[in-house]
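Close look at the chain arrangement
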Amino acid sequence: MIKGLLAVAASLATGEAIVYFTHWPLPASVLGLIALYLALTLKWVTVEDLTAITDFLMQHLALFLIPPCVALITHLDLIQADFLPLLGASFISTVLLVLVVGRVAQWLQKGKQS
């Protein structure tokens, strides 16, 4: 469990460092996930190393959702003021996401069949 925890913490720290030093407009957590993916791909970390920590985090997932829910409740007046633009942006981005993921899946399937 300790090795998995260190791997997750190191990947998050790597993402934070990349954003801090490069000033890229990307979330550090996304870059941390990419770093963790690279560590898995290069076999610096194995899936078995991460199993214990991921199981623990999944058991306590509800605790991670409390801060965003509180933020929504706190900023409810802002959400009500811009509800229609938020709803429209959410709808459009969802449709675009489904279309892009569908196209990528079709493209990957064509590559496997060749």
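In case you missed it, the structure is sitting above this.
Attention in this report is confined to the structure presented alongside it. Quantities reported herein were computed from a predicted structural model and do not represent experimental measurements.

Right, let's talk about the overall build of the protein chain for a bit. A count of helical and extended segments in the protein chain gives six helices and zero strands. Secondary structure elements in the protein chain, listed N-terminal to C-terminal, are α-α-α-α-α-α. What you see for the protein chain is a C-alpha radius of gyration of 19 Å, clearly larger than the 13 Å of a compact globule of 114 residues, by over 25%. Across its three principal axes, the protein chain shows a C-alpha extent of roughly 50 × 45 × 35 Å. A buried classification covers 13% of the 114 residues belonging to the protein chain. Counted over contacts in the protein chain with a minimum sequence separation of 6, partners at least 24 positions apart contribute 41%. Only carbon and sulfur atoms are counted for the fraction: they give 76% of the accessible area of the protein chain, which is about 9500 Å². When the 5 basic and 6 acidic side-chain charges of the protein chain are each reduced to a single mean position, those positions are 22 Å apart.

The phi dihedral of His-23 falls on the positive side, at around 60 degrees, and the residue is not glycine. You will see that Lys-43, though not glycine, has its phi angle at about 65 degrees, which is positive. You can see Lys-43 is positioned in the loop between helix H2 (28-41) and helix H3 (47-59). The exposure class assigned to Lys-43 is exposed, which follows from its relative accessible area of 68%.

This brings us to H3. Its 13 residues give H3 an end-to-end C-alpha distance of 18 Å, which sits within 8% of 18 Å, the value for a rise of 1.5 Å per residue. At Ile-53, H3 shows its largest kink, close to 30 degrees. Residues of H3 that are buried include every one of Asp-49, Leu-50 and Ile-53, and no others. Contacts made by the buried residues of H3 are with helix H1 (2-22) and H2.

A few words on the packing of aromatic side chains. One pass over the structure, following the stated rule, counts one aromatic pair. Measuring from centroid to centroid gives 5.0 Å for Tyr-20 and Phe-21, while their planes differ by 85 degrees, and the two rings are edge-to-face. Exposure class is identical for Tyr-20 and Phe-21. Each is exposed.

Right, let's get into the side chain of Ser-11. The residue Ser-11 is located in helix H1 in this model. Exposure remark for Ser-11: the relative accessible area of 7% places this residue in the buried category. Sequence-distant contacts of Ser-11, that is, excluding residues within four places in its chain, are made with Gly-32, Ala-35 and Leu-36.

Thresholds, definitions, all that
Residues numbered from 1 in each chain as written. Predicted model: local features only at pLDDT ≥ 70, side-chain atom pairs only at ≥ 80, totals over all residues. Heavy atoms only, no water. Helix = DSSP H or I, 4+ residues; strand = E, 2+ residues; numbered from the N terminus. Rg over C-alpha atoms; globule rule 2.2 N^0.38 Å. Buried < 20%, exposed > 50% of the residue type's maximum accessible area, 1.4 Å probe, protein only. Contact = heavy atoms within 4.5 Å. Areas by Shrake-Rupley, 256 points an atom, 1.4 Å probe, with all protein chains shown as cover. Lys, Arg positive; Asp, Glu negative; His and termini not counted. Charge placed at Lys NZ, Arg CZ, Asp CG, Glu CD. Expected span 1.5 Å × (residues − 1). Bend = angle between axes of the 7 residues up to and from the residue. Phe/Tyr/Trp six-rings, centres within 6.5 Å; stacked < 30°, edge-to-face > 60°.

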